[in-house]
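The lines below spell out each chain.
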Amino acid sequence: MSKIEIYTTRYCPYCSSAKALLTRKQVQFTEIDVSGDSAIRAAMVERAGGRMTVPQIFIGDTHVGGSDELHDLERAGKLDALLEKTKGQAA
Ligand SMILES: N[C@@H](CCC(=O)N[C@@H](CS)C(=O)NCC(=O)O)C(=O)O
């Protein structure tokens, strides 16, 4: 499993936006499509502390939240450091 995980659904503009940012950052991530899978979606909600929207993004041990929070981190200049921390961690 990759150190960066993003839960998504199909036809989700926020998911596309978050994935585009991660792709621009040239990091590998694991996409978990929860469309039509209530068990995986329930696992996502539990892991995300009750958040039910997609995407939900995890970078290493950090629950980032959704696309807005990911972009907030980038605007604040904090995303690179968070991504950097995942380097060297066990996959
Ligand atoms: N502020 C959130 C908004 C996410 C959002 O509204 N996602 C939509 C899909 S694009 C959603 O989850 N809608 C409810 C649902 O699909 O159950 C973010 O930036 O991630």
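Here we summarise the structure given alongside this text. (Residues numbered from 1 in each chain as written. Predicted model: local features only at pLDDT ≥ 70, side-chain atom pairs only at ≥ 80, totals over all residues. Heavy atoms only, no water.)

**Considering the site of the ligand**
Inspection of the region around the ligand gives Cys-12, Pro-13, Tyr-14, Arg-41, Thr-53, Val-54, Pro-55, Gly-66, Ser-67 and Asp-68 as its neighbouring residues. One of the side-chain nitrogen or oxygen atoms of Arg-41 is found 2.9 Å away from an oxygen atom of the ligand. Protein chains bury 66% of the 500 Å² of accessible surface belonging to the ligand in isolation. Residues belonging to the shell around the ligand are distributed by class as follows: five nonpolar, three polar and two charged. (Near = heavy atom within 4 Å. Polar contact = N/O pair within 3.5 Å; in protein donor to acceptor, adjacent residues only side chain to side chain. Areas by Shrake-Rupley, 256 points an atom, 1.4 Å probe, with all protein chains shown as cover. Nonpolar A, V, L, I, M, F, W, Y, C, P; charged D, E, K, R; others polar.)

**Describing helix 4 (residues 79-86)**
Think of an α-helix as 3.6 residues a turn; residues three or four steps apart then line up on the same face. Listed in full, the buried residues belonging to helix 4 are Leu-79, Leu-82, Leu-83 and Thr-86. The arc that holds the buried residues of helix 4, viewed along the axis, is 95 degrees, so those residues lie on one side. Packed against the buried residues of helix 4 are strand 1 (4-8), helix 1 (13-24), strand 3 (56-59), strand 4 (62-65) and helix 3 (67-75). (Buried < 20%, exposed > 50% of the residue type's maximum accessible area, 1.4 Å probe, protein only. Helix = DSSP H or I, 4+ residues; strand = E, 2+ residues; numbered from the N terminus. Arc of directions from axis to C-beta. Contact = heavy atoms within 4.5 Å.)

**Topic: unusual backbone geometry**
With an omega of 0 degrees, the peptide bond running from Val-54 to Pro-55 counts as cis. Inspection of the secondary structure puts Pro-55 in the loop between helix 2 (38-47) and strand 3. Notably, Tyr-11 is not glycine yet its phi reads approximately 55 degrees, a positive angle. Relative to the elements of secondary structure, Tyr-11 occurs in the loop between strand 1 and helix 1. Despite not being glycine, Gln-26 has its phi angle at roughly 60 degrees, a positive value.

**Details of the packing of helix 1 against helix 3**
Closest axis-to-axis distance for the helix 1/helix 3 pair is 9 Å, and the angle between their directions is 30 degrees. In terms of orientation, helix 1 lies roughly parallel with respect to helix 3. Considering the relative orientation of helix 1 and helix 3, their crossing is left-handed. Taking contact as the criterion, the partners of Tyr-14, Ser-17, Ala-18, Leu-21 and Leu-22 in helix 1 are, on helix 3, Ser-67, Asp-68, Leu-70, His-71 and Glu-74. (Axes fitted to C-alpha atoms, helices over the stretch in contact; angles between N-to-C directions. Parallel < 35°, antiparallel > 145°, perpendicular 65-115°, else oblique. Left-handed = near helix turned anticlockwise from the far one by under 90°.)

**Structural notes on the pairing of strand 3**
For a regular strand, side-chain orientation follows a simple rule: the groups alternate between the two sheet faces. Both faces of strand 3 are covered, namely the face carrying Gln-56 and Phe-58 and the face carrying Ile-57 and Ile-59. Two elements, strand 1 and strand 3, share four bridges in a ladder whose sense is antiparallel. Considered in strand 3, the bridge of Ile-4 is made with Ile-59. Sheet topology places strand 3 next to strand 4; three bridges connect them, and they run antiparallel. In the sheet register, Ile-57 faces strand 4, and the bridge partner there is Gly-65. Remark: two residues form the turn of the hairpin made by strand 3 and strand 4, two consecutive strands paired antiparallel; Gly-60 in that turn has positive phi of roughly 60 degrees. (Pairing = 2+ DSSP bridges.)

So, to be careful, I would describe these as geometric facts and stop short of saying anything about function.
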